[in-house]
Amino acid sequence: MKLDTAKVLQKRKKQILELWMKNQLVDFSLREDLMSNDELAVQSEELVNVLLQTLDNGNIEDVQSPSFEPLYEVLESISLSRAKQGYSPRETGTFVFSLKDALLTTLQLEIKNDPQQLLEESMKVSRLIDSLGIVTFETFIKGREEVILRQTDEIAEISTPVIRVWDGIVAMPIIGTLDSSRTQVVMENLLQEIVLTSSSIAILDISGVPAVDSLVAQHLIKTVSATRLMGAECIISGIRPEIAQTVVHLGIDLSGIVTKATLASALRYAFSLVQLEVRKSNVK
Amino acid sequence: MVVFRNRLKEFAIKIGMGLVNQTKLITAASELSRNMLRYAGGGVVLIEIINGQRQNGLRLTFTDTGPGIPDIKEAMKDGYSTGKSLGLGLPGAKRLVSDFEIQSTVGKGTTITITKWKNG
Amino acid sequence: MDKIPILKIGHFLMVAIQVDLYDRLALNLEADLVQAVSKTGAKGVLIDISSVSIVDSFMGRILGNIAGMSKVLDADTVIVGMQPAVAITLVELGLPLRGVQTALNVEKGMELLQKKIKIIDEEEAFDDDSTLQ
């Protein structure tokens, strides 16, 4: 007797869905704080619907079959939204794998007296759900990566403020590592602010830069050169002793650049460049 | 030259490229097209908009049927020039774009493909 | 044919480049400017490139040439108003325009040139004094 697993499952759709929901609701990974049970039911039903619609005896053994396209799409969107909502990978994985239990239980009830066939069909279903699981994880990670990339952009945007410390003097504290894309943002903001305020001196404070290797040094030199091309002087301040050590050990040539230990001494130097003097007032 | 630069700028604006990257790309293109005019007496430039994983970009292909470059490694070094220029054309252009590919056969010509991503 | 006007202001010559230069125009500017420096005996040359959106290595070389040639004729050259994007591109290109002085805008460029001339004047005055003694 040849059994059509797809048909059998389609016939038992309601039962499968109920079973699956029941499994999910008792599982410890249920997150009522992130999604209401009603929403979960809608999501589950959508997935079961599309799974049973796309499933037929031809493709049940071929998980790569293009006919599964709509199924993968639904799964991807579910997984992506869960990644953004803050579900853990385990929770999202359990969501998909718990469907397997429901499907296998149903099969078991259907094929009672033929263990051989039950095994075969179970293997097929199992493989299919495993592949769905993999898609889920891939998409889940992609969703997380998108979150990370967005945050990276945000950090790049907010992490480079330019401060007007005096008429004609701007300062920019750099916090975090300088890579080439960040250097470009730093340069752009700094140079734009120089034009805007027609400042003749810019102070780049690197107290917040964890380490200076030859690459970071190169980026700093570039920034200084670009500032000079605009017609302004650039001072680098906030050089910690460790950084001074590495700079010398690595043989980095910073001789063309004015460097100061602290922002205060950089500012004092800047004042002297524009012939300003800071004095204590005599008023008591 | 000026017409080509303006055309390229239109494309760059169309994909929403920032001003700095626009300037870098146009400068690189300017270097390469100047090389083409000077050493090969002209050539063809193909401008394409490409879709990457994260962002769009522009790809430019410079093709000429000039004398070709005998030693590409040497030509990619700063300060190397067979003409009277500063020798920054090829290596400089490479630094200004995200991706740089060069193929050249002596006597047949040179093809250079550069790619610049919207934010890169 | 297009020509870029060269203005004489006091001891200085001033050029405002308002268009994107094509090669011929740039070469003409180089020749005209050097002629003008020699003819007027100018002490300084101010080149405003605030409207220039692209400076490639050719254009950079022309600017360097102008500075070098003027120097030989005893005039300082100051490039003013370079756009941030252009400055960043030049650094990346590897062309830091050594030997060329820069200033943020025309006003600051003028100040810079005036200061130079003053220093030279004072030195000359000092020299004169010493010869008297």
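J.: Teacher, can you tell me more about the sheet that holds strand E2 (residues 169-175) of chain A here?
T.: By definition, the strands of a sheet pair up through backbone hydrogen bonds, in either a parallel or an antiparallel sense. Residues and elements named next belong to chain A. Pairing within the open sheet is mixed, and its five strands lie in the order E1-E2-E3-E4-E5. Sheet topology places strand E1 (163-166) and strand E5 (258-259) at the edges, where each strand pairs with a single neighbour. Its contacts with the sheet put helix H8 (residues 214-230) on strand E3 (201-208), strand E4 (233-237) and E5, and the angle it makes with E4 is roughly 150°.

J.: It is not clear to me how the sheet that holds strand E1 (residues 44-51) of chain B should be interpreted in this structure. Could you clarify?
T.: All names here are of chain B. The antiparallel open sheet is built from four strands, whose spatial order is E1-E2-E4-E3. Each end of this open sheet is capped by a strand with a single partner; those strands are E1 and strand E3 (99-105). On average, each strand axis in the sheet is inclined to that of its neighbour by 10°, with strand direction left out of account. Sheet topology note: the E1/strand E2 (residues 56-64) ladder contains eight bridges and is antiparallel.

J.: What is the right way to look at the interface of chain A and chain B in this model?
T.: By convention, interface size is frequently given as the accessible area that disappears when the constituent parts associate. The interface is formed by four residues belonging to chain A together with four residues belonging to chain B. Summed over both sides, the interface between chain A and chain B buries roughly 380 Å², with carbon and sulfur atoms accounting for 46% of that surface. For the chain A face of the interface with chain B, the top three residues by lost area are A:Leu149, A:Gln184 and A:Glu188, together amounting to 83%. Linking chain A with chain B are zero salt bridges.

J.: Could you clarify how one ought to interpret helix H3 (residues 84-93) of chain C in this entry?
T.: Since the α-helix advances by 3.6 residues per turn, residues separated by three or four positions end up pointing in the same direction. Taking burial as the measure, the ten residues of H3(C) include ten buried ones, the bulk of the element. Listed in full, the buried residues belonging to H3(C) are C:Pro84, C:Ala85, C:Val86, C:Ala87, C:Ile88, C:Thr89, C:Leu90, C:Val91, C:Glu92 and C:Leu93. Of the surrounding secondary structure, the elements contacted by the buried residues of H3(C) are helix H7 (180-197) and H8 of chain A, helix H2 (19-40) and helix H4 (89-96) of chain B together with helix H2 (57-72) of chain C. Positive phi shows up at C:Gly94, right after H3(C), with a value of about 95°.

J.: In this structure, what is going on with the interface of chain B and chain C? I would like to understand it.
T.: Contact residues are listed per partner, giving 20 residues for chain B and 19 residues for chain C. Carbon and sulfur atoms supply 61% of the area buried between chain B and chain C, which totals about 1800 Å² over both sides. At the junction of chain B with chain C, the criterion picks out three salt bridges. A salt bridge links C:Glu92 to B:Lys24; the shortest N-O distance between them is 3.7 Å. Where chain B meets chain C, there are five residue pairs in polar contact (both at pLDDT 80 or more). If you list the elements that add at least two residues to the side of chain B that touches chain C, you get helix H1 (2-14), H2 and H4 of chain B. Among the elements that line the side of chain B that touches chain C, the one with the most residues is H2(B), at ten residues. Its residues assigned to classes, the side of chain B that touches chain C comprises eight nonpolar, five polar and seven charged.

J.: Sorry, what's going on with the side chain of A:Glu91 here?
T.: Structurally, A:Glu91 is set in helix H5 (residues 89-110). A polar side-chain atom of A:Glu91 sits 2.9 Å from the main-chain amide nitrogen of A:Ser88.

J.: When you look at the pattern of salt bridges in this model, what are you seeing that I'm missing?
T.: Any two side chains of opposite charge can pair, so long as their charged atoms come close to each other. Per the stated rule, a full pass over the model turns up 15 salt bridges over all chains. One salt bridge connects C:Glu92 with A:Lys222, and the closest N-O pair in it is separated by 2.7 Å. Of this pair, C:Glu92 sits in helix H3 while A:Lys222 is found in helix H8, placing the two residues in two different chains. Residue classification places C:Glu92 among the buried positions, given a relative accessible area of 13%. Note on A:Lys222: relative accessible area 18%, which makes it buried. Put simply, B:Glu48 and B:Arg59 hold a salt bridge, and the shortest N to O gap is 3.3 Å. Of this pair, B:Glu48 sits in strand E1 while B:Arg59 is found in strand E2, placing the two residues eleven residues apart along the sequence. The network of salt bridges with shared partners includes A:Lys222, B:Lys24 and C:Glu92.

J.: Can you help me understand the packing of aromatic side chains in this one?
T.: Describing an aromatic ring pair means giving the distance of the ring centres and the angle of the ring planes. In the structure shown here, the tally under the stated rule is three aromatic pairs over all chains. Ring geometry for A:Trp20 and A:Phe95: centres 5.1 Å apart, planes at 35°, overall tilted. Note that A:Trp20 is positioned in helix H2 (residues 13-26) and A:Phe95 in helix H5, a separation of 75 residues in sequence. Ring centres 6.4 Å apart and planes at 85° place the aromatic pair B:Phe4 and B:Phe62 in the edge-to-face group. Of the two residues, B:Phe4 sits in helix H1 while B:Phe62 sits in strand E2, which places them 58 residues apart along the sequence. Residues B:Phe4 and B:Phe62 agree in their burial class; the two are buried.

Cut-offs and rules
- Residues numbered from 1 in each chain as written.
- Chains lettered and ligands numbered in written order.
- Predicted model: local features only at pLDDT ≥ 70, side-chain atom pairs only at ≥ 80, totals over all residues.
- Heavy atoms only, no water.
- Pairing = 2+ DSSP bridges.
- Helix = DSSP H or I, 4+ residues; strand = E, 2+ residues; numbered from the N terminus.
- Contact = heavy atoms within 4.5 Å.
- Axes fitted to C-alpha atoms, helices over the stretch in contact; angles between N-to-C directions.
- Buried area = accessible area lost by both parts, 1.4 Å probe.
- Salt bridge = Lys/Arg side-chain N within 4 Å of Asp/Glu carboxyl O.
- Buried < 20%, exposed > 50% of the residue type's maximum accessible area, 1.4 Å probe, protein only.
- Polar contact = N/O pair within 3.5 Å; in protein donor to acceptor, adjacent residues only side chain to side chain.
- Nonpolar A, V, L, I, M, F, W, Y, C, P; charged D, E, K, R; others polar.
- Phe/Tyr/Trp six-rings, centres within 6.5 Å; stacked < 30°, edge-to-face > 60°.

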